[in-house]
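If you want the building blocks of each chain, they are given just below.
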Amino acid sequence: MTASRYRLVLLVLVTAVYLPVLQNGFVHFDDGDYVFANPVVAQGLTWHGVIQVWREPMIDNYHPLTMMSHMIDVTLFGMNPKLHHAVSLCLHLCLVVLLFAFVRRIISDDRISFFVALLFGVHPLNVENVAWIAERKSLLCGLMMLLCLLAYHSWATRKVRSGLVLAHLALAAGLLCKSMLVTLPFVLLVLDAGVYGRLDRLQRHLWKMPVIEKSGMFVMVGGMALLTALIQPTQHVSRPVVERMQHVWASYAINLKQLLAPGHLTVLYPYTTEHMLAYALIGFFVIGLVSLFLWHRRLLQPATGWLWYLGMLVPVSGIVPLGYHLVTDRYAYLPMIGFWFGLMAFVNRRWPQAKWITVVTCIYVAVLGTQAHRQAKRWRNSETLFTYTLKHTQRNFVVAMNLAQTRMNEGRFRDALPLLEDARQWAPESARAELHLGWCKFGLGDATGIEEMESAVRRNALVEHGSQYLVDAYMASDRFEDACPILESLLAEAPGQTDLRVKLAICQAHLGRNDEAERTFQKAVELDPASYDAHFNYAVWLSMENRSSTAIDFYRKSLELRDTREARYGLAKALAEVGNREAATALLRHLLLLDPSDRAARRLLCELDEER
């Protein structure tokens, strides 16, 4: 079979495995931060947005190219999650094809190159990267890594100078997508030794050259590592050194198990020290034995893949605690390329041209592909994803909180209540669990809910700056004087949050502080010209202040941003108040055509008809 046919089969098989993602929606786990609830991304690709993502970190990371990718998606597709998923799938397919091309150049065997790309392409561990819109950064980072490897191959084998330059540029672009590529220069050195033979002992006087030529790369990854360390949250970096070392070896053991025999894959495995020592010992001995075997047999290409795998996992192995998780599926996305390359290189050396290898590999790929297909369906929405995760993990505080918040956003407070009670039981020290539980009780009409939220804020001031539940409860209870100080403190921490500024203006208006309210509304529309809420609420306030002529402009702007019944009715009412009855009548009749049961529109239309 020719190389072009191998590529075609790769595209067909990988697409078939991941087809379910095209029916998936957004999930309430980082997707909001990156796309649908991000005020910068929601505007699409704008100069203001581009400048902002390059100027400052977002979501505790500096990845401007990733944020621009999401902005382009919003510009092209709006908030249609299916098309966002389609872009992610296309990026994964491109990566698979590039991987086939790279391995083929190294091994010069189409069959082995095909299996390496296919094992990577259909592996269930990679579903998280493809089916999770927030993980676009991993796909872009991987794409840049393969482009870097292909460019570097031309330099290492044929001394094409442009290849070295392009490798540097691809690495820089990859780092601006995700900092995972900080270990790539070391991977290139491993390739120099095990694949390209550039560190041969017979050429001792030249051993420095592969290091010197990558000096620019080392500067880039050093700078990105320092920047990431500065902007990453530090509240979880407090574990003892011995526990961290156990975590490192345990994460390797668990990752290897999930790589070879994946099962019950979930979006988050809660951090626990239970059985960690056992896993750590297994990881230590397995890695040690495999490394000794490869060293003893002088198997250069398999050793290259093995070191690639081990090295790329180092930053995310737990040596620097990154959060509530023990291990994470998505971190294996790029390291596993080295693993499959090393394994298939060993198979090709040990059993060259053996037909039974093809049969066994095809069966194994079929099993992996079936699992990946099922896993992609579990990402259909937040409910299916989080419910499955809670079923297959224990005391999963973070996922329980996320599922509860999803249900509360849908108005299902009664369904969220048991989840929040479990979460508070699992983490009684968590003020955030108490805060959410209080909001849930308030949503069910329990007046003690506000007291629980106030208790949570007193216990931990960070909760005040991380949640708007208490503010919303105060506003719903007409306690605007209590809501204002919290909103002001929230805006002091995050002055770019338009929704907070709009709420503050509403509170100021209810308290009779009209001059302050107007200044706050004006600042909101100035800072976020694409905010429907800012323009609409400003227009409503202007109408209440009998300034309908000014309100008309803001109603029209809000309609340009989002065509809603409320904005149309408000515009009609404002037009009627300034005497433009014809335009108001046309708007009201259109509203009644869309919804004949709209009593407010019918009443206002009757009033206009009577005035005639």
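Keep in mind that this is a model prediction, so the values were computed, not measured.

The rules behind each value
- Residues numbered from 1 in each chain as written.
- Predicted model: local features only at pLDDT ≥ 70, side-chain atom pairs only at ≥ 80, totals over all residues.
- Heavy atoms only, no water.
- Helix = DSSP H or I, 4+ residues; strand = E, 2+ residues; numbered from the N terminus.
- Buried < 20%, exposed > 50% of the residue type's maximum accessible area, 1.4 Å probe, protein only.
- Contact = heavy atoms within 4.5 Å.
- Expected span 1.5 Å × (residues − 1).
- Core = buried A, V, L, I, M, F, W, Y, C linked by side-chain atoms within 4.5 Å.
- Phe/Tyr/Trp six-rings, centres within 6.5 Å; stacked < 30°, edge-to-face > 60°.
- Lys NZ or Arg CZ within 6 Å of the ring centre and 35° of its normal.
- Salt bridge = Lys/Arg side-chain N within 4 Å of Asp/Glu carboxyl O.
- Patch = residues over 30% accessible without salt bridge, like charges linked within 9 Å, V, L, I, M, F, W, Y side chains within 5 Å.
- Areas by Shrake-Rupley, 256 points an atom, 1.4 Å probe, with all protein chains shown as cover.
- Polar contact = N/O pair within 3.5 Å; in protein donor to acceptor, adjacent residues only side chain to side chain.

With respect to the overall build of the protein chain
Part 1 of the argument: Within the protein chain, the secondary structure is distributed over 32 helices and zero strands.
Part 2 of the argument: Its C-alpha atoms give the protein chain principal-axis dimensions of roughly 95 × 50 × 45 Å.
Part 3 of the argument: The burial tally for the protein chain puts 53% of its 612 residues in the buried class.
Part 4 of the argument: Contacts in the protein chain between residues at least 24 apart in sequence constitute 68% of all its contacts with a sequence separation of at least 6.

Overview of helix H25 (residues 480-493)
Part 1 of the argument: If you check H25, its first and last C-alpha atoms are 20 Å apart, about what 14 residues at 1.5 Å a residue would give, namely 20 Å.
Part 2 of the argument: Buried residues of H25: Phe480, Ala483, Cys484, Ile486, Leu487, Ser489, Leu490 and Leu491, and no others.

Side note on the nonpolar core
Part 1 of the argument: If you look at the biggest cluster of nonpolar residues, it comprises 165 residues, and the most contacted ones within it are Phe102 and Met145.
Part 2 of the argument: The biggest single contributor to this core is helix H8 (residues 136-158), with 14 residues.
Part 3 of the argument: Dropping the residues within four chain positions of it, phenylalanine 102 is found in contact with Leu146, Leu149, Leu150, Leu191, Tyr196 and Trp308.
Part 4 of the argument: Grouped together as the second largest cluster of nonpolar side chains are 34 residues, Val502, Val525, Tyr532 and Ala574 included.

Brief notes about the packing of aromatic side chains
Part 1 of the argument: A full pass over the atoms with the stated rule returns 28 aromatic pairs.
Part 2 of the argument: Taking 6.5 Å as the distance between ring centres and 65° as the angle between the ring planes, the aromatic pair formed by phenylalanine 413 and tryptophan 439 counts as edge-to-face. Residue phenylalanine 413 is located in helix H20 (residues 413-426), and its partner tryptophan 439 is located in helix H21 (residues 431-443); the two are separated by 26 residues in the primary sequence. Assigned by exposure class, phenylalanine 413 and tryptophan 439 land together as buried.
Part 3 of the argument: Members of the aromatic cluster, connected to one another through ring pairs, are Trp306, Tyr309, Phe339, Trp340 and Tyr364.
Part 4 of the argument: Between lysine 159 and the ring centre of tryptophan 155, over which it is positioned, the NZ or CZ distance is 4.6 Å.

A word on the pattern of salt bridges
Pairing between side chains of opposite charge can happen when the charged atoms of each approach one another.
Part 1 of the argument: A full pass over the atoms with the stated rule returns 23 salt bridges.
Part 2 of the argument: Where aspartate 73 meets arginine 136, a salt bridge forms, and the shortest distance between an N and an O atom there is 2.7 Å. Here aspartate 73 is found in helix H4 (residues 64-77), whereas its partner arginine 136 is found in helix H8, with 63 residues between them in sequence.

Thoughts on a nonpolar patch on the surface
Part 1 of the argument: Among the surface-exposed residues, Val241, Met245, Val314, Ile319 and Val320 lie close enough to one another that they form a single nonpolar patch of about 400 Å² accessible area.
Part 2 of the argument: As for its placement among the helices and strands, valine 241 is situated in helix H13 (residues 241-260).

So, unusual backbone geometry
Part 1 of the argument: Unusually for a residue other than glycine, aspartate 30 sits at a positive phi of about 80°.
Part 2 of the argument: You can see aspartate 30 is positioned in the loop between helix H1 (3-18) and helix H2 (31-36).
Part 3 of the argument: Aspartate 30 sits in the partly exposed class, given a relative accessible area of 28%.
Part 4 of the argument: A positive phi angle, near 60°, is found at serine 108, a position not held by glycine.
Part 5 of the argument: Looking at the element boundaries, serine 108 is found in the loop between helix H5 (81-107) and helix H6 (110-122).

Things to note about the side chain of aspartate 73
Part 1 of the argument: For aspartate 73, a relative accessible area of 3% puts it in the buried group.
Part 2 of the argument: Filtering out sequence-adjacent residues up to four positions away, aspartate 73 remains in contact with Gly78, His84, Val87 and Arg136.

Quick word on helix H28 (residues 532-544)
Part 1 of the argument: Between its terminal C-alpha atoms H28 stretches 18 Å, which fits the 18 Å expected from 13 residues at 1.5 Å a residue.
Part 2 of the argument: Within H28, the full set of buried residues consists of Tyr532, Ala534, His535, Phe536, Tyr538, Ala539, Trp541, Leu542 and Ser543.
Part 3 of the argument: Considering only its buried residues, H28 is in contact with helix H26 (498-510), helix H27 (514-527), helix H29 (548-561) and helix H30 (565-577).
Part 4 of the argument: The N-cap of H28, judged by a side-chain oxygen 3.1 Å from the amide nitrogen of alanine 534 a few residues on, is serine 531.
Part 5 of the argument: Backbone geometry just after H28 places asparagine 546 at a positive phi near 60°.

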